[in-house]
Amino acid sequence: MTGMEEYHNGNEGSFNSEEADSIVKECIESVVGGDDYSQGQVNKWTASIVERCLTQLVKQGKPYKYIVTCAVMQKTGAGLHTANSCYWDTAMDGSCTVRWENRTMYCVVSVFAVAIA
């Protein structure tokens, strides 16, 4: 069973973070799925996840520039802390972060959407 948590900015205006969450989850599942952590695969996984997320977000045809980040970490009991801060138009721009995990790894993907004026 995988555990997923989402974190959203409070006032995201017209950016639909729920839609972005669904896209990110689908991309992670399609790339990593039920695989076990493999150091030799991590670079490929992270590149594939961010590329798939960007492709799917752009396909929506919405007037945004997107930034996608991805971190994959083996479950070893070590801590993993992430943070981000943005200075932008909170009425139009937005972000979401999805934390996905399986029994051997964590995957944290953040999407930042900046409206094109």
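A short tour of the structure in this document, coming up. This structure is a prediction, so every number in the text was calculated from the model and none was measured. (Residues numbered from 1 in each chain as written. Predicted model: local features only at pLDDT ≥ 70, side-chain atom pairs only at ≥ 80, totals over all residues. Heavy atoms only, no water.)

**Side note on the overall build of the protein chain**
Regarding its fold elements, the protein chain presents 2 helices and 4 strands. When the 117 residues of the protein chain are sorted by exposure, 37% land in the buried category. A fraction of 72% describes how many contacts in the protein chain between residues 6 or more apart in sequence connect residues 24 or more apart. Summed over its atoms, the accessible surface of the protein chain is roughly 6,800 Å², and 50% of this surface lies on carbon and sulfur atoms. (Helix = DSSP H or I, 4+ residues; strand = E, 2+ residues; numbered from the N terminus. Buried < 20%, exposed > 50% of the residue type's maximum accessible area, 1.4 Å probe, protein only. Contact = heavy atoms within 4.5 Å. Areas by Shrake-Rupley, 256 points an atom, 1.4 Å probe, with all protein chains shown as cover.)

**Looking at the pattern of salt bridges**
Under the definition given, this model contains 4 salt bridges. In this structure, the salt-bridge partner of Arg103 is Asp36, at a minimum N-O distance of 2.9 Å. Note that Arg103 is positioned in the loop between β3 (94–101) and β4 (105–115) and Asp36 in the loop between α1 (17–31) and α2 (42–59), a separation of 67 residues in sequence. Residue classification places Arg103 among the exposed residues on the basis of a relative accessible area of 65%. Of the residues examined, Asp36 reaches a relative accessible area of 37% and is grouped as partly exposed. Of the charged contacts, one joins Glu101 and Lys75 as a salt bridge, the two residues approaching to 2.6 Å between their closest N and O atoms. You can see Glu101 sitting in strand β3 and its partner Lys75 sitting in the loop between β2 (64–74) and β3, a full 26 residues away along the chain. Judged by its relative accessible area of 16%, Glu101 is buried. It is possible to trace a salt-bridge network through shared partners that takes in Lys75, Arg99 and Glu101. (Salt bridge = Lys/Arg side-chain N within 4 Å of Asp/Glu carboxyl O.)

**Comments concerning the environment of Leu80**
Residue position: Leu80 is located in the loop between β2 and β3. According to the relative accessible area criterion, Leu80 is partly exposed, its value standing at 39%. Counting along the chain gives 28 residues from Leu80 to Val108, while the straight-line C-alpha distance between them is 9.8 Å. Those residues in contact with Leu80, other than ones at most four positions away along the chain, are Met73 and Val108.

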